[in-house]
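# Overview (structure and organization)
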Amino acid sequence: MTEPVGHEGRRAFGARVAELRVRRGLTQRELAEAIGRTASWLSQVERGVQPVNRLDVLRLLADGLGVPLHELRPDAPPLDPVDESSPEPNDLDRARLLITGHPAPRTLIAPENSYKGPPIPDLQAAVEEAWTLAHSDRFAELSATLTSLIPYAEGAARAAKGRERVQAYGLLARAYQALSAAFVRQGEPDAAWVAADRSIAAAERSGQVMGVFAGTYRLAHAFVRLRRYDQAEHTARSASEALGEYVARTEEPSPEALSLQGSFHLVLALVHARTGNRSDARREIETARSVASALGEDRNDHNLEFGPTNVELHAVSIAVELGDAGEALDIGERVDASGLSPERQARFALDTGRAHAQLRHVEQALACFLDAERLSPGMVRTHVAARAAIRDLVLMAGRAASSELRALARRTDAMS
C-alpha cells in the first residue's frame, strides 16, 4: 500500500485524475466502466472524498488513464517485477493452469485404445457433481474436480467409438461450460472465453446442436464480463435470431430451445442496460417473459435455470442497472427465488441490496448483502457493483456506520 494522504493531498490527487481523464477525452462514466468501478466512486475520487491508497487500484487507474503509474502518483513505490507476473491466487488457479495447455497433442500421439480412465457413466456423474459445485460457488472443489475430469473426458472422447464417443464429447462440452460459468463469476473472463470456445467445439463434435448454443451463451457472458459489449451483443443476437427461426418453424419447439432462446434475450437485456439503452433493455426483458410464458415452468436445461422466476430476477437486476431502484424492489417483492440455486438466490439478494443502496436504505441494503454473503461468500467479493454499493453505504453512513457494515466492507475490500 502507498502512504495515506490528508485531505489536501486527496484533493490534489483527485484534480490530477480529473485532468488526465479530460485530456484523454473520457467521461467519468467511461473511465469508471473501463476500470470496473462506478461513476459515483470516481466522482468521489476526483473531489478528494474517496482516498486511493492501494497500489493495485492506483495501477488500475493509471492503466485506464493511459499513463505510467508515476505520472499519476509520483510518490508511488517502485513496481515489484515479481508482483507484476504473479497475480493473487484464487480457487480456480488449478483449472486455469489446466486450460493453458491443450490435450490434443498428447492424445493424438497416444497408442490406440490407450484410454484407462473411468467409464462414461462415471464421467457423467462427475459432470453432474461439477455443475452442483458451480451453482454453489464452491470453486476450490470445482477446480479440483474438473482438473481430473476434463483430461479424462478429453481422452475418452478421442478413444471411444460410435455412440460412446458422442456421449463423451457431450460430457466434455458440459464440463467446459461449467468451467466457463465459474471463471465468469470469479472475475476471470479471458479464461471463461477459452473454456466456452472449447465447449462449443466439443458440443459440435457430439452432434448436440443445443449444446453448441449453450456454449455460445457462456461465451456471450464472458464478453459481458470483459466489457466487450459489442461482441456480447453480436454473439447473443446471432444465436437468438437463429433460435427464433428454429422455434418459428417448429410445431412444438423443445423446452431446451425455448430455455436457450429466452436466456439469450436476458443477455441482450443486460448488455443494453450496461450501455444505457433503456428501451431496448426493457424490450428484451419483455421478450424473455413471453418465452418463459411459452415454456410454462422453471427449468434447468443446460444449467440455465431459465423460467418465469429467473426472468423476474433478471428484471430486478436490469432495473437496478438502469437506476430504477423502486421498480426493482416492487418486482422483487413478488418473486420467490427459493427454488433456484444458491448462486441465483445470492445474485438476487445482491441486486436487491443494490436497489436499497440506491434509495439510501442503509439497514435494508446491509441485510441483503449479508444474506448474499451467507449464500455465496465469494460472490460479494468479486461483484464490482456490489462492492461499490457497500462502499457508498459506508460513505453515506459516515461515523454512524454500524460495526456490521464496516466489517462487511473490510471482508469485501470495498473501500480500496
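Residues numbered from 1 in each chain as written. Predicted model: local features only at pLDDT ≥ 70, side-chain atom pairs only at ≥ 80, totals over all residues. Heavy atoms only, no water.

For the protein, the helix and strand inventory stands at 23 helices and 0 strands. Based on the C-alpha atoms only, the size of the protein along its principal axes is roughly 75 × 50 × 40 Å. Burial statistics for the protein: of 416 residues in total, 51% are counted as buried. Contacts in the protein between residues far apart in sequence, at least 24 positions, make up 66% of those at least 6 positions apart. Accessible surface computed for the protein: about 19100 Å², of which carbon and sulfur atoms make up 51%. Considering the protein, the positive charge centre built from 50 side chains and the negative charge centre built from 57 side chains are found 4 Å apart. (Helix = DSSP H or I, 4+ residues; strand = E, 2+ residues; numbered from the N terminus. Buried < 20%, exposed > 50% of the residue type's maximum accessible area, 1.4 Å probe, protein only. Contact = heavy atoms within 4.5 Å. Areas by Shrake-Rupley, 256 points an atom, 1.4 Å probe, with all protein chains shown as cover. Lys, Arg positive; Asp, Glu negative; His and termini not counted. Charge placed at Lys NZ, Arg CZ, Asp CG, Glu CD.)

The next subject is the packing of helix α19 (residues 342–358) against helix α20 (residues 362–375). Packed helices, taken two at a time, are described by the angle their axes make and the gap between the axes. One can describe the packing of α19 onto α20 by two numbers: an axis separation of 8 Å at closest approach and a directional angle of 165°. By the criterion of interaxial angle, the relationship of α19 to α20 is roughly antiparallel. Relative to α20, α19 is oriented so that their crossing is left-handed. Here α19 contributes Pro 342, Gln 345, Ala 346, Ala 349, Leu 350, Thr 352, Gly 353, Arg 354, His 356 and Ala 357 to the contact with α20, which in turn contributes Gln 364, Ala 365, Cys 368, Phe 369, Asp 371, Ala 372 and Leu 375. A breakdown of the residues in the contact of α19 with α20 according to their chemical character gives 10 nonpolar, 5 polar and 2 charged. (Axes fitted to C-alpha atoms, helices over the stretch in contact; angles between N-to-C directions. Parallel < 35°, antiparallel > 145°, perpendicular 65-115°, else oblique. Left-handed = near helix turned anticlockwise from the far one by under 90°. Nonpolar A, V, L, I, M, F, W, Y, C, P; charged D, E, K, R; others polar.)

Two numbers describe how helix α16 (residues 278–295) lies on helix α17 (residues 308–321): the axes approach to 9 Å, and their chain directions differ by 170°. It follows from the interaxial angle that α16 and α17 lie roughly antiparallel. When α16 is examined against α17, the residues Ala 281, Ile 285, Ala 288, Arg 289 and Ala 292 are found in contact with a partner set consisting of Pro 308, Val 311, Glu 312, His 314, Ala 315 and Ile 318. When its residues are assigned to classes, the contact of α16 with α17 shows 8 nonpolar, 1 polar and 2 charged.

Oppositely charged side chains may form a pair once their charged atoms are brought near each other. Across all of its chains, the model carries 28 salt bridges by this definition. Here Glu 46 and Arg 21 are joined by a salt bridge, their closest N and O atoms 2.7 Å apart. With Glu 46 in helix α3 (residues 39–46) and Arg 21 in helix α1 (residues 7–24), this pair connects stretches of sequence that are 25 residues apart. Just as Glu 46 is buried, Arg 21 falls in that class too. Between Glu 297 and Arg 299 there is a salt bridge, and its shortest N-O distance comes to 3.3 Å. For Glu 297, a relative accessible area of 41% gives the class partly exposed. When its relative accessible area of 28% is taken as the criterion, Arg 299 is described as partly exposed. (Salt bridge = Lys/Arg side-chain N within 4 Å of Asp/Glu carboxyl O.)

Time to look at the nonpolar core. Grouped burial of nonpolar side chains is what soluble globular proteins tend to show. One finds Phe 306 and Ile 318 to be the most contacted residues of the largest nonpolar core, which totals 52 residues. Within the residue set of this core, elements represented by two or more residues are α12 (189–206), α13 (209–225), α14 (229–249), α15 (255–274), α16, α17, α18 (325–333) and α19. A total of 11 residues in this core trace back to one element, the largest contributor, which is α15. Counting residues in each nonpolar core, the second largest holds 37 residues, with Trp 131, Leu 142, Ile 150 and Tyr 176 among its members. (Core = buried A, V, L, I, M, F, W, Y, C linked by side-chain atoms within 4.5 Å.)

Even without a glycine there, the phi angle at Arg 360 is positive, about 65°. Non-glycine residue Asp 413 carries a positive phi angle of around 55°. Note that Asp 413 resides in the segment after α23 (403–411). The class for Asp 413 is partly exposed, based on a relative accessible area of 31%.

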